[in-house]
Amino acid sequence: MHKLDKNQGFDAFCATAEQFATCMNDNLFVYDIINDAYFITESATERFSLPGPLFHNVTENLRDVVHPDDFAMLQADLQQLLNGEKMEHELRYRWLGKDGTPIWIVCKGRVLQNQEGKPWLMLGCINEIGQKQKADNVSGLLGASSLQERLKQLPVLPDGYVMRVGIDDFRMINERLGVDYGDAVLRQVAQCIERRLLPGQSVYRVISDEFLILDLVGGTPREIRGLYDKIRQEVERDIARRNYEAVYTISGGIVNIRDMEQADYEEIMRLSEFALGQAKRMGKNQVYLFEQEDYEAFLRSRAISRSLRKAVSSDFEGLDLYFQPLVYTQSEELYGAEALLRYRMPEGESISPAEFIPILEESGLILPVGKWIIRKAADMCRVCREKYPEFRVSINLSYIQLTKGPVFAEVMEALKETGLPPDALIMELTESGYLENSINVQKVWHRFKEAGIQIALDDFGTGYSNLQNIGRFNPDIVKIDRSFTLRALQHSYERQLLSHIINMVHSINLRIVIEGVEEKEEQQQVMLLGSDFIQGYYYSRPCSREEFLEKYLIKEVV
Ligand code: C2E
Ligand code: CA
Ligand code: CA
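### Thoughts on the overall build of the protein
1) Next: Assigned secondary structure in the protein consists of 20 helices and 22 strands.
2) Next: Here the C-alpha radius of gyration of the protein, 35 Å, is well above what a compact globule of 558 residues would show, namely 24 Å.
3) Next: In terms of principal-axis extent, the alpha carbons of the protein reach across some 110 × 60 × 40 Å.
4) Next: Within the protein, buried positions represent 48% of all 558 residues.
5) Next: Intrachain contacts of the protein at a sequence separation of at least 6 include 61% that bridge at least 24 residues.
6) Next: Taking the average location of the 64 positive side-chain charges in the protein and that of its 84 negative ones, the two points are 3 Å from each other.

### Points about the sheet that holds strand 2 (residues 37-40)
1) Next: Pairing in this open sheet of six strands is antiparallel, and the strands run 3-2-1-6-5-4 from one edge to the other. In this open sheet, the two strands that pair with only one neighbour each are strand 3 (54-56) and strand 4 (88-96). Between one strand axis and the next, the sheet turns by 20 degrees as a mean value, whatever way the strands run.
2) Next: With nine bridges connecting them, strand 4 and strand 5 (residues 102-113) associate as antiparallel partners. Each bridged residue has a counterpart across the sheet, and for arginine 92 the counterpart in strand 5 is valine 106.
3) Next: Its contacts with the sheet put helix 4 (residues 68-82) on strand 1 (27-32), strand 4, strand 5 and strand 6 (119-128), and the angle it makes with strand 4 is roughly 155 degrees.

### Notes on the site of ligand 1
1) Next: As a structural note, the neighbourhood of ligand 1 is formed by 21 residues, with Gln324, Leu341, Arg342, Glu518 and Tyr537 the closest of them.
2) Next: Separating an oxygen atom of ligand 1 from a side-chain N or O atom of aspartate 458 is a distance of 3.0 Å.
3) Next: For ligand 1, an oxygen atom lies 2.8 Å from a polar atom in the backbone of tyrosine 537.
4) Next: Protein chains bury 79% of the 800 Å² of accessible surface belonging to ligand 1 in isolation.
5) Next: Those elements that place two or more of their residues in the shell around ligand 1 are strand 15 (334-344), helix 11 (353-363) and strand 19 (454-460).
6) Next: By residue number, the principal contributor to the shell around ligand 1 is strand 15, which donates four residues.
7) Next: A breakdown of the residues in the shell around ligand 1 according to their chemical character gives nine nonpolar, five polar and seven charged.

### Here's the deal with the sheet that holds strand 13 (residues 287-289)
1) Next: Strand order in the open sheet made by the seven strands is 7-8-10-11-9-12-13, with mixed pairing throughout. Only two strands of the sheet have a single neighbouring strand rather than two, namely strand 7 (135-136) and strand 13.
2) Next: Summarising the sheet, strand 7 and strand 8 (residues 141-143) pair through two bridges and their orientation is antiparallel. Each residue of the ladder has a partner; that of aspartate 136, found in strand 8, is leucine 141.
3) Next: In the packing of helix 7 (residues 179-196) onto the sheet, contacts are made with strand 8, strand 9 (161-167), strand 10 (201-207), strand 11 (210-215) and strand 12 (250-256), and the angle to strand 11 comes to roughly 10 degrees.

### Observations regarding the environment of serine 208
1) Next: On the secondary structure map, serine 208 appears in the loop between strand 10 and strand 11.
2) Next: For serine 208, a relative accessible area of 43% gives the class partly exposed.
3) Next: On a C-alpha basis, the gap between serine 208 and histidine 67 in space is 30 Å, while along the polypeptide they are 141 residues apart.
4) Next: Here the side chain of serine 208 touches aspartate 209 through a polar contact of 3.0 Å, side chain to side chain.

### Section: the coordination of the calcium ion (ligand 3)
1) Next: Each protein donor to the calcium ion (ligand 3) is listed here as Asp458 (OD), Asp459 (OD), Glu515 (OE) and Glu515 (OE); together their distances run 2.2 to 2.7 Å.
2) Next: On the primary sequence, the residues serving as donors to the calcium ion (ligand 3) are separated as D-D-x55-E.
3) Next: The two metals, the calcium ion (ligand 3) and the calcium ion (ligand 2), are separated by 3.9 Å and share aspartate 458 as a common coordinating residue.

### A word on the pattern of salt bridges
1) Next: All chains considered together, the criterion is met by 31 salt bridges.
2) Next: One salt bridge in this structure joins glutamate 234 and arginine 196, with 3.1 Å as the shortest N-O distance. Residue glutamate 234 is located in helix 8 (residues 221-241), and its partner arginine 196 is located in helix 7; the two are separated by 38 residues in the primary sequence.
3) Next: Judged by its relative accessible area of 26%, arginine 196 falls in the partly exposed class.
4) Next: Between glutamate 494 and arginine 487 there is a salt bridge; the shortest N-O distance is 2.9 Å.

### What about the packing of helix 10 (residues 292-313) against helix 11?
Between two packed helices, what matters for the description is the angle formed by their axes and the separation of those axes.
1) Next: In contact at an axis separation of 10 Å, helix 10 and helix 11 are set at 70 degrees when each is read in the N-to-C sense. When the axis of helix 10 is compared with that of helix 11, the two are roughly perpendicular. Contacts between helix 10 and helix 11 pair Arg300, Ser301, Ile304, Ser305, Leu308 and Arg309 from the former with Glu355, Phe356, Ile359, Leu360 and Ser363 from the latter.
2) Next: A class-by-class count of the residues in the contact of helix 10 with helix 11 yields five nonpolar, three polar and three charged.

### Points about the side chain of glutamate 522
1) Next: Residue position: glutamate 522 is located in helix 19 (residues 520-529).
2) Next: What makes glutamate 522 buried here is its relative accessible area of 13%.
3) Next: Among residues more than four places away in sequence, those in contact with glutamate 522 are Arg482, Leu486, Leu489, Gly516 and Val517.

### Looking at the coordination of the calcium ion (ligand 2)
1) Next: Those protein atoms acting as donors to the calcium ion (ligand 2) are Glu338 (OE), Asn396 (OD1), Glu428 (OE) and Asp458 (OD), and they sit at 2.1 to 2.3 Å.
2) Next: All donors of the calcium ion (ligand 2) come from a single chain, and their spacing in sequence reads E-x57-N-x31-E-x29-D.

### Focus: the packing of aromatic side chains
1) Next: Taken as a whole and assessed by the stated rule, the structure comprises 23 aromatic pairs.
2) Next: Centre to centre, the rings of phenylalanine 48 and tryptophan 95 are 5.1 Å apart; their planes meet at 90 degrees, and the pair counts as edge-to-face. Of this pair, phenylalanine 48 sits in the loop between helix 2 (42-47) and strand 3 while tryptophan 95 is found in strand 4, placing the two residues 47 residues apart along the sequence. Both residues of the pair, phenylalanine 48 and tryptophan 95, count as buried.
3) Next: Centroid distance phenylalanine 548 to tyrosine 552: 4.7 Å. Interplanar angle 40 degrees. Geometry classified as tilted. Separated by four residues within a single helix, phenylalanine 548 and tyrosine 552 lie in helix 20 (residues 545-552), roughly one turn from each other. As far as burial versus exposure is concerned, phenylalanine 548 and tyrosine 552 are alike and both buried.
4) Next: Geometry around tyrosine 537 places arginine 541 over its ring, the cationic atom sitting 3.9 Å from the centre.

Cut-off values and rules
The written sequence of each chain sets the order in which its residues are numbered from 1. Think of it this way: whatever chain is written first is A, whatever ligand is written first is 1, and the rest follow in order. With the structure being a predicted model, the display of local features is reserved for residues of pLDDT at least 70 and the display and counting of side-chain atom pairs for 80 or more, all residues being used for whole-chain, interface and lining totals. In computing side-chain properties, one takes all heavy atoms of the structure into account and sets aside hydrogens as well as water. Helix and strand assignments follow DSSP, with helices taken as H or I runs no shorter than four residues and strands as E runs no shorter than two, numbered in order from the N terminus. Put simply, the radius of gyration uses C-alpha atoms, and a globule should come to 2.2 Å times the residue count raised to 0.38. To sort residues, take the accessible area from a 1.4 Å probe on protein chains only and compare it with the maximum for the residue type: under 20% means buried, over 50% means exposed, and anything in between is partly exposed. Two residues qualify as a contact provided that any one of their heavy atoms is within 4.5 Å of a heavy atom in the partner residue. Only four residue types enter the charge count: Lys and Arg as positive, Asp and Glu as negative, with His and the chain ends excluded. Taken as the charge location is NZ of Lys, CZ of Arg, CG of Asp or CD of Glu. At least two DSSP bridges between two strands are needed for those strands to be called paired. Axis definition: a line fitted to C-alpha atoms, over the contacting stretch in the case of helices. Angles run 0 to 180 degrees between N-to-C directions. Throughout, near means a residue has at least one heavy atom within 4 Å of the molecule or strand. For the purposes of these results, a polar contact is taken to be a pair of N or O atoms within 3.5 Å, where, inside protein, one atom must be able to donate a hydrogen and its partner to accept one; residues adjacent in sequence count only when each atom of the pair is a side-chain atom. Note on areas: these come from Shrake-Rupley sampling with a 1.4 Å probe, and a residue is covered only by the protein chains present in the view. Under the scheme applied here, ten amino acids are nonpolar (Ala, Val, Leu, Ile, Met, Phe, Trp, Tyr, Cys and Pro), four are charged (Asp, Glu, Lys and Arg), and all others, including Gly, are polar. A 2.8 Å cut-off from the metal defines N, O and S donors, relaxed to 3.2 Å for Na, K and Ca; water is not in the atom list, so some sites may appear incomplete. Salt bridges are counted wherever a side-chain nitrogen of Lys or Arg sits within 4 Å of a carboxyl oxygen of Asp or Glu. When an angle is under 35 degrees it counts as roughly parallel; over 145 it counts as roughly antiparallel; between 65 and 115 it counts as roughly perpendicular; any other value is oblique. Stacked, tilted and edge-to-face are the three classes applied to pairs of Phe, Tyr and Trp rings, where Trp contributes its six-membered ring and a pair requires centres within 6.5 Å; stacked means planes under 30 degrees apart, edge-to-face means over 60, and tilted covers the rest. Note on criteria: charge over ring means Lys NZ or Arg CZ within 6 Å of the ring centre, with the direction from the centre no more than 35 degrees off the ring normal.

Have a look at this one:
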């Protein structure tokens, strides 16, 4: 072992460490045990909450940077070194970042002795354990932190694009063919991308199955779309060459650098993630070019989704169930009501169901909300029956509830709680073209029917093979959509068509609701068509439970 001269030591080591540190990612330190001084290279002071590059009273000062839970462990280890009980230090523990967040580090050091054989200096380095890899050995490409560095070198990005490429349903490849095969696919796609890149274009693997192409050539949108097409063709050829062992597709999201405010790493990642997500939402195996309006719509929908999630977890605050009366066409007496969901954001904005119901469906929140609606609607029906013993409440069901939730059990439970007979409830289902083919939906439908719960086919006349669905679902009620009614009122041909449909539906003992009657004139014409019930603004707009009770029930019942 070298015995070094004390006087030459500390400063010289510090200077050397600083020189080395400029060309490495490690944080080098020199700890003068005898004089209780500590030096660490400058990069560390930018990252960690250290008092500075040089400080005395080492153990106490380290208290500020070491995670409180790890300090005792460090202190014990240092004590052994100071006592000369051991010469090597290697410890994994947490330091605190400048903003106080814990960062896992590994600290390695070696003690040098002075001429008297006493512990004198410890030289070592500190590395972040969780630090992102600069290169990715699976795909053979550079990784996210290399992209970050590249962007730092170009503080102002020239014209060009970023294109994020993702493998569609990559998880399924991993699940079906194994992780090793998944890795091979990643490598193949990386190679396909690289083969099609021009000078001025570079590619990084940013996260699991996603690659980011930085294109500083600054061509036209058509050219960058063309790059996606070429990569896609390359991937297709590659799959064929491998005899279709695994068949997969790729999606691409492009952002024009000029459409960004900062074009820094964070913004590039954020917007390209959205753009790729949009390509996937549009059905995958395609490319999407960023548009500001789409992004704003996406942000709005995400904000609504988040606030709906909060609403659900705070006792449905902001959600409300409104009721719109259905009246007998001839007598104009009250028959029942349709329950309609309302939502007001915490900031006060009312959102239309046409906007928030799809968000509830996509997020799955329609399941808890749907259950809540069933209970509230049934309870309203119970109250109204005190004055109108035949009162019925209509509940809209989403296909998500029918395919993924225990909706039948929920309805039965609501009947039990309220003591209502099954036919007090009407379940409304909107035909949608593909729903009808789901065996699951038909099964649930049958259970409703067998239990004596009424069912209504909603939005009849809005585009799908309607008559067939009457046969398939065997509903009790058919609701004619406002758009169909309006057409029938304007054109004699459609009026005849509607009239025949009504007759036919009556002939198999189903009943008809005409929806969306707004004006007196419309109401008079609709009466002639022979529907059973009318629902529309002409009688009442949907109103809150209190308002509805106020309007239709005597005070004592309320
Ligand atoms: P829908 O089931 O067809 O409901 C009838 C819609 O027509 C309601 O719109 C109602 O306010 C509106 N309406 C009623 N009378 C008139 C009228 O005279 N003129 C016009 N122009 N419109 C009238 P709303 O409440 O905005 O709901 C829209 C859609 O959102 C509903 O259409 C339904 O598909 C869905 N929805 C509403 N509440 C729920 C719910 O609780 N669950 C589910 N799954 N969907 C719901
Ligand atoms: Ca409805
Ligand atoms: Ca409807």
